[in-house]
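Architecture at a glance
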Amino acid sequence: MHKKLFVEQPILVNRKGPILLRDNARPHVSQFTIRKIHELGYEIFRNKGNAVNTFVEFINSRTPDFYCNGIGTLVKRWKKCIESNENYFD
């Protein structure tokens, strides 16, 4: 998996190796799996809860106008994309 990931998605591989997102599923916490992960030198990202809480805080900190304006701007951007014939624009 490591070699294939390095070839197909090198951006996902850091200097030490890939970063694995791990939860508490039985296969993820088995001693065999943990030993193999350490043997391969993979970095493990375990704290999903903190990332989710940060995202929820961000969502809750915005006003309804923030979302209305964003959606309105999205339509303008889509039209600009179509009109540009896939060329770059600011």
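As the structure is a computational prediction, the values presented were derived from the model and not from experiment.

Next up on the list: the overall build of the protein chain. Helices and strands together make up the secondary structure of the protein chain, namely five helices and two strands. Put simply, of all contacts in the protein chain between residues at least 6 apart along the chain, 34% involve residues at least 24 apart. Roughly 8300 Å² of accessible area belongs to the protein chain as shown, and the carbon and sulfur atoms make up 59% of that amount.

With respect to the helices and strands, Ser84 occurs in the segment after helix H5 (64-83). According to the relative accessible area criterion, Ser84 is buried, its value standing at 14%. Here the side chain of Ser84 touches Cys81 through a polar contact of 2.9 Å, landing on its backbone oxygen.

So, about the environment of Ser30. As for its placement among the helices and strands, Ser30 is situated in the loop between helix H2 (26-29) and helix H3 (31-40). Residue class for Ser30 comes out partly exposed when judged on its relative accessible area of 26%.

Attention now goes to the packing of aromatic side chains. Any pair of aromatic rings gets described here by the distance separating the centres and the angle formed by the planes. The tally for this structure, following the rule as stated, stands at one aromatic pair. Ring geometry for Phe66 versus Tyr67: centroids 5.1 Å apart, planes at 85°, classification edge-to-face. Of the residues examined, Phe66 reaches a relative accessible area of 40% and is grouped as partly exposed. You can call Tyr67 partly exposed: its relative accessible area is 31%. Note that Arg62 overlies the ring of Phe66, its terminal NZ or CZ placed 5.1 Å from the centroid.

What follows deals with the pattern of salt bridges. Tallied over the entire structure, the rule returns one salt bridge. Residue Lys36 pairs with Glu39 through a salt bridge whose shortest N-O separation is 3.2 Å. Here Glu39 and Lys36 lie together in helix H3, a separation of three residues that amounts to about one turn. On the basis of relative accessibility, which here comes to 58%, the residue Glu39 falls in the exposed class.

The rules behind the values
- As a convention, each chain's residues are numbered from 1 in the sequence order in which they are written.
- For a predicted model such as this one, the threshold for reporting local features is a pLDDT of at least 70, and the threshold for listing and counting side-chain atom pairs is 80 or more; totals across whole chains, interfaces and linings nevertheless cover every residue.
- For side-chain calculations, the full set of non-hydrogen atoms in the structure is used, while hydrogens and water are omitted.
- A helix here means a DSSP run of H or I that spans at least four residues, while a strand means a run of E at least two residues long, and both kinds are numbered starting from the N terminus.
- Whether two residues touch is decided by their heavy atoms; if any such pair falls within 4.5 Å, the residues are in contact.
- Here, Shrake-Rupley sampling with a 1.4 Å probe gives the accessible areas, and only protein chains in the shown set may cover a residue.
- Relative accessibility decides the category of a residue: with a 1.4 Å probe and only protein chains considered, values under 20% of the type maximum give buried, values over 50% give exposed, and everything between is partly exposed.
- Pairs of N or O atoms are called polar contacts if they sit within 3.5 Å, as long as, within protein, a hydrogen donor faces a hydrogen acceptor (for residues adjacent in sequence, only side-chain-to-side-chain pairs).
- We call Phe, Tyr and Trp rings a pair once their centres come within 6.5 Å, taking the six-membered ring for Trp, and we label the pair stacked below 30 degrees between planes, edge-to-face above 60, and tilted otherwise.
- Charge over a ring is defined by NZ of Lys or CZ of Arg lying within 6 Å of the ring centre and within 35 degrees of the ring normal.
- Any Lys or Arg side-chain nitrogen found within 4 Å of a carboxyl oxygen on Asp or Glu counts as a salt bridge.

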